[in-house]
Structure formats: C-alpha cells, structure tokens
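Geometric and topological summary
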Amino acid sequence: MEKREQLYEGKAKKVYKTDDPELYIVSYKDDATAFDGQKKGTIVGKGVVNNRMSNYLMRLLEKAGVPTHYVQELNDRETVVKKVSIVPLEVIIRNISAGSFAKRYGVEEGIVFDAPTIEFSYKNDELHDPLINAYHARALKLATAGEIETIKSLAFKVNDTLKAYFLSLGVKLVDFKLEFGRLSDGSIVLADEISPDTCRFWDAETNEKLDKDRFRRDLGGVEDAYREMMKRVLGE
C-alpha cells in the first residue's frame, strides 16, 4: 500500500491518503494536549502504545460484533483504516464518576453508577465541544434519529465488552470517549481510537490512574502508566 499526501493533522494523529480511495493511513504522534489544547506536552512512546493497543481492542470489538474502521496494522505507529466521514458527536460512556462529570455535578470521584451513563458533545473546537442531547444533534443535522440509536446501542455494546475485558486484566474502565464514522455506503462504524488518551483506567486494586489524567493533573509517571496499560493488554 502506498502512502500519499497528508490529509489532516490533529492533536494526536496524522491521516494520509493511499492509492486506494477507500483506505487511509493513520499515524500516531507522541504529542499530548489537555484542557481544550491549553496544556501541551509530549508523552514519549504514547503513539506506539495508542496505535497498538487501539488496534488490538478494535479487533476484539469486531469479534464481539461491533463494526470498526480498522483494517491492518502496518507498524508500531501506522495503521490502515477505512475512509469514513466522522459523525461530529463525541460519545462519552461513564461507569464511575470522575473528571468533568464529578466537577459538573458536584460529586466526588469514584461513585459506581447503577447503570452506565451516556452523553454527547458537539465535536467543534471553536465552541469547545459543548454538551448536547439527541434532539439537538438532530436539529443541527449532525446525525439522523436512526444513526443516533445505532451509535447509542454500539457504544453500550463497546462498554459491555471492554468493561469485562479490562476487569479481567485488573483494570476498572471508569469512562471513555468514542467517535463514529459513516462509510461510503452510509453505514455507521466505530472510528478514532481506544487508548489511555480516550479512556480513564484505574487499577482495580489500588485505583491508581493508568491514563492521560496523569498528564492532565501533573501526577508524574505518565509514560509508565501508558506502558503498564500496553503490558496488560498486549502482554509486553
């Protein structure tokens, strides 16, 4: 497969065209940002962890019946994915109170919910990704009612699959962000990534944070936490 011109560069990844119009190559970077891009830094080796771990989890989810954009891992940092147009909704599933949820509603971190929650934010940097509901999403023509239902049911399926999987590795899946895309035929698939950048992982025994919160909150040991998650998932 031939890598062609760069289409896009985001906070964590670059996307390239290939000689196949339906396939792109995603390249993962070590750059890290937090607080809407106000905090910037580098997490050495993050791109490798996020690429390899995300690919492993996408393959796991495919087996569980969740369609994804994943095609093939090329090397430690690069992966072939299906071309999708991203639905401009960030989908957040929460199992335990943490982060902005705890802050927004004035509750402590660590409350285990009776059932997982779901929230949407409008993927728009200029507006700082405001929270919206399904009715707003339809009013703004971000997605149809059918697409929103598909996204919700897939997101909960991802949660059921990954929550049980991570618990088997001694990790609590606290919350996570997903993005979905439309293939050229209009069908909805899971896109973007699943990694310590997009998930909150706590050690099941100690509640030690094993994710990007270590970078956000200046807790130190950021690279170690990312490597620990890769070790648990990939056994290396």
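Use the structure listed above.
None of these values were measured; they are calculated from a predicted model.

**Focus on the packing of aromatic side chains**
All chains considered together, the criterion is met by five aromatic pairs. Summarising the aromatic geometry, the rings of phenylalanine 166 and phenylalanine 201 are spaced 4.7 Å apart at their centres and angled 50 degrees between planes, so their arrangement reads as tilted. Of this pair, phenylalanine 166 sits in helix α4 (residues 145-168) while phenylalanine 201 sits in strand β14 (residues 199-203); the two residues are 35 residues apart in sequence, bridging distant segments of the chain. One aromatic cluster is present, formed by Tyr56, Tyr165, Phe166 and Phe201 through successive ring pairs. The cationic tip of lysine 3 hangs over the ring face of tyrosine 16; the distance from NZ or CZ to the ring centre is 4.3 Å. Over the aromatic face of phenylalanine 215 sits the side chain of lysine 39, whose NZ or CZ is 4.8 Å from the ring centroid.

**Re the side chain of asparagine 124**
Tracing the sequence through the fold places asparagine 124 in the loop between β10 (112-122) and β11 (131-132). Side-chain polar atoms of asparagine 124 contact the backbone nitrogen of glutamate 126, separated by 3.1 Å. For asparagine 124, the side chain forms a polar contact with the main-chain nitrogen of leucine 127, separated by 3.1 Å.

**Considering the side chain of arginine 214**
Looking at where arginine 214 falls in the secondary structure, it is placed in helix α5 (residues 213-216). On the basis of relative accessibility, which here comes to 14%, the residue arginine 214 falls in the buried class. Polar contacts involving the side chain of arginine 214 include one to the main-chain carbonyl oxygen of lysine 209, which spans 3.0 Å. When sequence neighbours within four positions are dropped, the list of residues in contact with arginine 214 reads Glu208, Lys209, Leu219, Gly220, Gly221, Val222 and Ala225.

**Points about the packing of helix α1 (residues 46-63) against α4**
Where α1 meets α4, the axes come as close as 11 Å, and the angle between the chain directions of the two elements is 115 degrees. In terms of crossing hand, the pair formed by α1 and α4 is right-handed. Contacts between α1 and α4 involve Met53, Tyr56, Leu57, Leu60 and Leu61 from the former and Val158, Thr161, Leu162, Tyr165 and Phe166 from the latter. A class-by-class count of the residues in the contact of α1 with α4 yields nine nonpolar, one polar and no charged.

**Some remarks on the nonpolar core**
If you look at the biggest cluster of nonpolar residues, it comprises 47 residues, and the most contacted ones within it are Phe166, Leu178, Phe180, Leu190 and Phe201. With eight residues, the single largest contributor to this core is α4. Beyond its immediate chain neighbours, meaning those up to four positions away, phenylalanine 201 contacts Met53, Phe166, Val171, Lys172, Leu173, Ser195, Pro196, Glu208, Lys209, Leu210, Asp211 and Met229. Core analysis: the second largest hydrophobic core is formed by five residues, Val15, Tyr24, Val26 and Tyr28 among them.

Cut-offs applied
Every residue gets a number counted from 1 within its own chain, in the order that chain's sequence is written. Since the coordinates come from a predicted model, pLDDT governs what is reported: local features require at least 70, and pairs of side-chain atoms require 80 or more to be given and counted, while whole-chain, interface and lining totals use all residues. Side-chain figures throughout are based on the complete set of non-hydrogen atoms in the structure, without hydrogens or water. Only Phe, Tyr and Trp rings take part, Trp by its six-membered ring, and two of them pair if their centres are within 6.5 Å. Stacked means planes under 30 degrees apart, edge-to-face means over 60, and tilted covers everything else. Secondary structure elements follow DSSP: runs of H or I no shorter than four residues count as helices, runs of E no shorter than two count as strands, and numbering proceeds from the N terminus. Should the NZ of a Lys or the CZ of an Arg lie within 6 Å of a ring centre and within 35 degrees of the ring normal, that charge is described as sitting over the ring. Counted as a polar contact is a pair of N or O atoms within 3.5 Å, where, for protein atoms, one must be capable of donating a hydrogen and the other of accepting one, and residues adjacent in sequence contribute only when both atoms are in side chains. Using a 1.4 Å probe on the protein chains alone, a residue whose accessible area is under 20% of its type maximum counts as buried, one over 50% counts as exposed, and one in between counts as partly exposed. Every residue pair with non-hydrogen atoms within 4.5 Å of one another is taken to be in contact. Angles shown run from 0 to 180 degrees and are taken between the N-to-C directions of axes, each axis being a line fitted to C-alpha atoms and, for helices, limited to the stretch in contact. Handedness of a crossing follows from how the near helix is turned relative to the far one, being left-handed for an anticlockwise turn of less than a right angle and right-handed for a clockwise one. Throughout, the ten residues Ala, Val, Leu, Ile, Met, Phe, Trp, Tyr, Cys and Pro are labelled nonpolar, Asp, Glu, Lys and Arg are labelled charged, and all others, Gly among them, are labelled polar. Only buried Ala, Val, Leu, Ile, Met, Phe, Trp, Tyr and Cys residues count toward a nonpolar core, and they belong to the same one when joined by side-chain atoms within 4.5 Å.

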